[in-house]
Amino acid sequence: AQTRILFSRETAPGVREIFVVDYDGRNLRQITRNGSLNLIPRWSRDGDRLCYTSYWQGRQRLLVLDGRTGESGKVAEFGGLNFGADWGPGDDELVVTLTRDGNPEVYRINLDGTINARLTFSPAIDCSAVFDPTGNQVAWTSDRTGRPQLFRMSRDGTDRIRLTWEGSYNDNPAWSPKGDRIAYISRR
């Protein structure tokens, strides 16, 4: 019962800040205060840091906030989109969506922004990538079949398989702690 919920909330027109609240809705606390658009926050696996997409100072970038110091540092600021980070099991790697090579693709990057691997190669929109609990698999959303559906691949981008067949719009996969199930949003 010590779970906390991390989310983005509008604080003024065009401004969204990151907040955290206890599982029961109590102890609401504002985490960011940079007066810009801050989206898609994700806890590190150890719960000490969070990564989020921010439009701080007019550029879209991925930032990591250290919960112990309250300081944010830049992870990625490539040309185009930098969004939707999820932490690897060692909290030393992220899976993200970047448009640095044209359209949205899934990459694995280090916390210093160096790219370990580009995982998808498609003219489709590939996004919403998340590691499984072991870090050996990645689930993601792609519209390569015409409408957004969920897919799974190995951490190196091989062994891709489509996971969802029902619903006209499936997005935002989230692995269960055991890695045996994936929750997602579906339009039916």
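Residues numbered from 1 in each chain as written. Predicted model: local features only at pLDDT ≥ 70, side-chain atom pairs only at ≥ 80, totals over all residues. Heavy atoms only, no water.

S.K.: How should the sheet that holds strand E6 (residues 61-66) be read in this particular structure?
M.R.: Backbone hydrogen bonds are what pair the strands of a sheet, in a parallel or an antiparallel way. Ordered in space as E4-E5-E6-E7, the four strands form an open sheet in which the pairing is antiparallel. A single partner strand is all that each edge strand has here, and the edge strands are strand E4 (38-43) and strand E7 (72-76). Direction aside, the axes of adjacent strands within the sheet are offset by 30 degrees on average. (Pairing = 2+ DSSP bridges. Helix = DSSP H or I, 4+ residues; strand = E, 2+ residues; numbered from the N terminus. Axes fitted to C-alpha atoms, helices over the stretch in contact; angles between N-to-C directions.)

S.K.: Got a minute to help me understand the nonpolar core in this structure?
M.R.: Counting twelve residues, the largest nonpolar core is built from Cys-51, Leu-62, Val-64, Val-75, Ala-76, Ala-85, Trp-87, Leu-94, Val-96, Leu-98, Tyr-107 and Ile-109. Of all the secondary structure elements, the ones that give two or more residues to this core are E6, E7, strand E8 (82-87), strand E9 (93-98) and strand E10 (105-110). The leading source of residues in this core is E9, at three residues. If you look at the next biggest cluster of nonpolar residues, it comprises ten residues, including Ala-117, Ala-129, Val-138 and Phe-151. (Core = buried A, V, L, I, M, F, W, Y, C linked by side-chain atoms within 4.5 Å. Buried < 20%, exposed > 50% of the residue type's maximum accessible area, 1.4 Å probe, protein only.)

S.K.: Help me understand the layout of surface pockets, please; the structure alone is not making it clear to me.
M.R.: A water-sized probe, rolled over the atoms, reveals where empty space remains. Considering only enclosed or pocket space, the largest pocket measures out at about 430 Å³ in volume. Mapped by element, the contributors of at least two residues to the lining of the largest pocket are E4, E8, strand E12 (126-131) and strand E16 (169-175). For the lining of the largest pocket, the element with the most residues is E16, which contributes four residues. Among the residues forming the lining of the largest pocket, the class breakdown is ten nonpolar, three polar and four charged. Taken as a whole, the second largest pocket encloses approximately 180 Å³ of empty space. In terms of residues, the lining of the second largest pocket owes the most to one element, E12, which gives three residues. When grouped by side-chain class, the residues that make up the lining of the second largest pocket number four nonpolar, three polar and one charged. (1 Å grid on protein atoms, 1.4 Å probe; cavity = no way out; pocket = protein on both sides within 12 Å on 5 of 7 lines; lining within 4 Å. Points joined across faces, edges and corners; volume = space filled by probe spheres on them. Nonpolar A, V, L, I, M, F, W, Y, C, P; charged D, E, K, R; others polar.)

S.K.: Before we go on, may I ask you to explain the pairing of strand E1 (residues 4-12) in this structure?
M.R.: Across eight bridges, E1 lies against strand E2 (residues 15-22) in antiparallel orientation. Paired with Glu-10 across the two strands is Arg-16, which belongs to E2. Connecting E1 to the next strand, E2, in antiparallel fashion are two residues, including Gly-14 with a positive phi near 80 degrees.

S.K.: Help me out: how do you make sense of the pattern of salt bridges in this one?
M.R.: Close approach of charged atoms allows side chains of opposite charge to pair. Counted under the stated rule, the structure contains 15 salt bridges. Linking Asp-24 and Arg-26 is a salt bridge whose minimum nitrogen-to-oxygen distance equals 3.8 Å. A residue is classified by how much of its surface remains accessible, and Asp-24, at 40% relative accessible area, is partly exposed. Salt bridges sharing partners connect three or more residues here, namely Arg-59, Arg-61, Lys-74 and Glu-77. (Salt bridge = Lys/Arg side-chain N within 4 Å of Asp/Glu carboxyl O.)

S.K.: I'm lost on the packing of aromatic side chains in this one. Help?
M.R.: Taken as a whole, this structure holds two aromatic pairs when the rule is applied. Their ring planes at 15 degrees and their centres at 5.9 Å tell us that Phe-7 and Phe-19 sit as a pair that is stacked. Here Phe-7 is found in strand E1, whereas its partner Phe-19 is found in strand E2, with twelve residues between them in sequence. The class of Phe-19 is buried, set by a relative accessible area of 5%. The ring of Phe-78 carries Arg-100 above its face, with NZ or CZ at 5.0 Å from the centroid. Just above the ring of Trp-165 sits the side chain of Arg-162; from NZ or CZ to the centre is 4.0 Å. (Phe/Tyr/Trp six-rings, centres within 6.5 Å; stacked < 30°, edge-to-face > 60°. Lys NZ or Arg CZ within 6 Å of the ring centre and 35° of its normal.)

Function cannot be inferred from these measures alone, as they are strictly geometric.
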